[in-house]
Amino acid sequence: MTDPQLPRVLAPVVTPFFSDLEIDTPRFLEHCDQLVQSGAGLTLFGTNSEANSLSLSERGELLGAVLAHGIPTKLLIVGTGTCSIPETVALTEEAVHAGCPGVLMLPTFFYKNQTTAGVVAYFSEIIERVADGRLRIYLYNIPSLSGVSISTEVVRQLADRYPTAIAGLKESSGDWATTQVLMQEAVERGLDVYVGSERFLLQALAAGGRGCISATANVNARAIVDLADNPERADANDKQRGLAAMRTAFENSGSLISVVKANLALRYGHDGWRRVRPPLQAISR
């Protein structure tokens, strides 16, 4: 478990683009400010940030801009997982040296049907190369997109081998039964677990989880934070149902990234927010 702990709710900050699809850094920072004011932490370069459509240099420059903007590092977790060991190491070193309290790391995801030994070897190689006692990794399980599952055995082996470097897990399988099994393994080892949707927020907190890292926190951060901070409130179940209904509405409206961006375009009054990098497609209206 990291010290100090990251916030209970983090938004994987979506990335606005200019018409030439270069990153619109001023709008990105404006959105970061709004999320922080809503009480959320920030996940830079998560799935919904279109991280895997950003280059190594773009990620480094945007991280530098966030730090220069004055956003406290204690609020940041940085997505660093790529298919390339050297690039993952470079991104991870940047985040660690900047003082960020955690990195969110995908398994290498191009090759499918990976063995437990192969997944463990990938993360082990990163940890050994970074070789920094400040490193805190949150393993990112999102098999629907990565095609690679982080199993309880992967968690067990890595936590046993690197008890300081492995800090937690982001569990985005979308299946509560899978989440429960992984969460039990992780929580018993003192690891922080974040679920990938606020739909499971109360269940996760009751099971010893830390909170959620959710795409829809980009548009509904304050309400999610309120429930995460007050799970014992009398109307908590009603609040949970409301959050779940909103999440379902977003998921049923199209590609989640594009739907979130379309919502932000309306909120901020700027159609540039709708832009996504191909192969994703923008929602026009």
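You'll find the structure just up there.
As the structure is a computational prediction, the values presented were derived from the model and not from experiment.

Draft legend 1. Examining the packing of helix H6 (residues 152–161) against helix H7 (residues 176–188) more closely. The interhelical angle for the contact between H6 and H7, taken along N-to-C directions, is 15°, at an axis separation of 9 Å. Judged by the angle between their axes, H6 and H7 are roughly parallel. When you trace H6 past H7, the crossing you get is right-handed. Side by side, H6 and H7 meet where Thr 152, Val 155 and Arg 156 of the first sit next to Val 181, Leu 182 and Glu 185 of the second. Looking at side-chain class alone, the contact of H6 with H7 contains three nonpolar, one polar and two charged residues.

Draft legend 2. Region of the structure containing the nonpolar core. Within the largest apolar cluster, 68 residues are counted, with the highest numbers of intra-cluster contacts made by Leu 44 and Leu 139. Here the element with the most residues in this core is helix H4 (residues 116–130); it accounts for seven residues. Discounting chain neighbours no more than four positions away, the residues touching Leu 44 are Val 13, Phe 28, Ser 49, Leu 63, Val 66, Leu 76, Ile 77, Val 78 and Gly 79. Formed by eleven residues, the second largest nonpolar core is a distinct cluster that contains Leu 6, Leu 106, Ile 142 and Tyr 194.

Draft legend 3. Broad picture of helix H3 (residues 85–98). Relative to the 20 Å expected for 14 residues at 1.5 Å per residue, H3 spans 20 Å between its end C-alpha atoms, a close match to the ideal helical length. Among all positions of H3, only Thr 88, Val 89, Leu 91, Thr 92, Ala 95 and Val 96 are buried. Against helix H2 (56–69), strand E3 (76–79), strand E4 (102–105) and H4 lie the buried residues of H3. Two residues or fewer past H3, Gly 99 is found with a positive phi of approximately 95°.

Draft legend 4. The environment of Ile 150, seen in detail. Positionally, Ile 150 belongs in the loop between helix H5 (143–146) and H6. Using a relative accessible area of 2% as the deciding quantity, one classes Ile 150 as buried. For the pair Ile 150 and Leu 182, spaced 32 residues apart in sequence, the C-alpha separation works out to 8.8 Å. In this structure, Ile 150 is in contact with Pro 107, Phe 123, Leu 139, Tyr 140, Asn 141, Val 155, Leu 169 and Leu 182, ignoring residues within four places of it in sequence.

Draft legend 5. Representation of the side chain of Glu 198. Positionally, Glu 198 belongs in the loop between strand E7 (192–195) and helix H8 (201–206). Among all residues touching Glu 198, those that are not within four sequence positions of it are Cys 212, Ser 214, Thr 216, Ile 224, Gln 240, Leu 243 and Arg 247.

Draft legend 6. Focus on the pattern of salt bridges. In total, this model carries 16 salt bridges according to the counting rule given. In this structure, Arg 134 engages Asp 132 in a salt bridge whose closest nitrogen and oxygen atoms are separated by 2.8 Å. Note on Arg 134: relative accessible area 48%, which makes it partly exposed. Each of the salt bridges in this network shares a partner with another, and the network as a whole consists of Glu 153, Arg 156, Asp 160, Glu 185 and Arg 189.

Calculation notes
- Residues numbered from 1 in each chain as written.
- Predicted model: local features only at pLDDT ≥ 70, side-chain atom pairs only at ≥ 80, totals over all residues.
- Heavy atoms only, no water.
- Axes fitted to C-alpha atoms, helices over the stretch in contact; angles between N-to-C directions.
- Helix = DSSP H or I, 4+ residues; strand = E, 2+ residues; numbered from the N terminus.
- Parallel < 35°, antiparallel > 145°, perpendicular 65-115°, else oblique.
- Left-handed = near helix turned anticlockwise from the far one by under 90°.
- Contact = heavy atoms within 4.5 Å.
- Nonpolar A, V, L, I, M, F, W, Y, C, P; charged D, E, K, R; others polar.
- Core = buried A, V, L, I, M, F, W, Y, C linked by side-chain atoms within 4.5 Å.
- Buried < 20%, exposed > 50% of the residue type's maximum accessible area, 1.4 Å probe, protein only.
- Expected span 1.5 Å × (residues − 1).
- Salt bridge = Lys/Arg side-chain N within 4 Å of Asp/Glu carboxyl O.

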